[in-house]
Amino acid sequence: MAAAAIHELEGGRKVFAGQREEAFFVDLGAIFDLGTLRPFQNLHLIPTPAADGVDATKGFNVHTIALQVPKTELTRDDSEPTDPMNPSSVIGIWATASRQRASVREPKRGAVRLAGPWVQVSRLGMPLINEVIIPLGNKDRWNASEPEDDEQFLRYYLDPELQNLLPVLYPGVFPNLAALLGAPPASRPRNDLLAILLTGIPAGLIPEFQNFTGSTPADMLRLNLAIPPTTVDPSPLGILGDDLGGFPNGRRVFDDVVAIELRAIAGLTYPLIDPTFTPDSAAAVLADGTANDVPPLRDFPYIGHPHEGYEHEHD
């Protein structure tokens, strides 16, 4: 049935439109209700026993529109990207959803009629930004705005609420992060998150890689088109798993974006801007525990700080 919905178009293009099983995996209840994170949920202020996470989206369908187009139709100068370090090899992508301004309920019939101009009610570039980074009081405002105006939300990236909660919810589990947070926010801004989530990673931080789109902070999913897809043993941890073809360089369906972003917020990527900082061991194994979750990360290859206390294979 899925094959019947794939249509080939001229110029090497393909399009699919139809229902597919939701592939995103996350334990919504555990993370967003109590901040329950694995494998140390027993060390939470409200401890819970060891258990697998519940994939809250499993079994649901989503309506998918998938497009396959030549790279030359995505680059600004219609070129075929070959040099990963060339700024023109990087594209930034986001999507929006809009609804008509008014819903009118007709008497007796009970029908609902939509009316008025279309209004943007949601947007998305990087996954989980509105859920994890933007606080509750600003979520609607964020959803209604454009990426080019994201400087107004900059403070939430530089001092995210979740990083401040982790040492409180898990006493003694994140001592290095707690010590870092003991300094005034202005002296320890999360410029690593700013680069990963808002500007793209500039050249010089990771060998032979960049997906920098400029100094203007903007929530976009960035992809370096000159980096080929990883076809042999791709890591669900993407760049954290030494796989430059994965998130946050684009976003593959199987990339564990929940684990990647949680580990980054917990301080795993902070040494990119401060080599003297040693991430807590817990930051390298933090996950939500869903069935699709990935094994712990032994070491972030671009930092050089081994994370002691957890014995497992490098993915």
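Scroll up to find the structure.
What you see is a predicted model, and the numbers here were worked out from it, not measured in a lab. (Residues numbered from 1 in each chain as written. Predicted model: local features only at pLDDT ≥ 70, side-chain atom pairs only at ≥ 80, totals over all residues. Heavy atoms only, no water.)

A. Representation of the sheet that holds strand β2 (residues 13–21). Spatially, the 3 strands line up as an open sheet ordered β1-β2-β3, and their pairing is antiparallel. Each of the sheet's edge strands pairs with one partner strand only, and the pair in question is β1 (6–9) and β3 (61–68). Averaged over all pairs of adjacent strands, the angle between strand axes in this sheet comes to 10 degrees, irrespective of strand direction. Looking at chain direction, β2 and β3 are connected through 8 bridges and run antiparallel. Note on β3: the bridge partner recorded for Gly18 is Thr64. (Pairing = 2+ DSSP bridges. Helix = DSSP H or I, 4+ residues; strand = E, 2+ residues; numbered from the N terminus. Axes fitted to C-alpha atoms, helices over the stretch in contact; angles between N-to-C directions.)

B. Helix α8 (residues 257–268), seen in detail. For α8, spanning 12 residues, the distance from its first C-alpha to its last is only 14 Å, which falls clearly below the expected 16 Å at 1.5 Å a residue. With 12 of its 12 residues buried, α8 lies for the most part within the structure. For α8, every residue scored as buried is listed here: Val257, Val258, Ala259, Ile260, Glu261, Leu262, Arg263, Ala264, Ile265, Ala266, Gly267 and Leu268. (Expected span 1.5 Å × (residues − 1). Buried < 20%, exposed > 50% of the residue type's maximum accessible area, 1.4 Å probe, protein only.)

C. Quick look at the pairing of β2. Pairing of β1 with β2 involves 4 bridges; the strand directions are antiparallel. What sits directly across from His7, in β2, is Val15. Count of turn residues in the β1/β2 antiparallel hairpin: 3 residues, of which Gly11 carries a positive phi of about 75 degrees.

D. Region of the structure containing the pattern of salt bridges. Scanning all chains against the criterion turns up 9 salt bridges. When the shortest N-O distance is used, the salt bridge between Arg38 and Asp27 registers 3.4 Å. Taken together, the residues span a long stretch of sequence, with Arg38 in the loop between α1 (28–34) and β3 and Asp27 in the loop between β2 and α1 at a distance of 11 residues. Each of the two residues, Arg38 as well as Asp27, counts as buried. A salt bridge links Arg109 to Glu106; its shortest N-O distance comes to 2.4 Å. A relative accessible area of 64% means that Arg109 is categorised as exposed. Residue Glu106 is classed as partly exposed on the basis of its relative accessible area of 23%. Among the charged side chains, a salt-bridge network with shared partners connects Glu106, Arg109 and Arg113. (Salt bridge = Lys/Arg side-chain N within 4 Å of Asp/Glu carboxyl O.)

E. Structural view of unusual backbone geometry. Here Arg38 and Pro39 are connected by a cis peptide whose omega angle stands at 15 degrees. By the element assignment, Pro39 lies in the loop between α1 and β3. Backbone torsion omega between Phe247 and Pro248 reads 10 degrees, so that peptide bond is classified as cis. Position of Pro248 among the secondary structure elements: in the loop between β7 (221–224) and α8. One non-glycine residue, Asp78, lies in positive phi territory at about 60 degrees.

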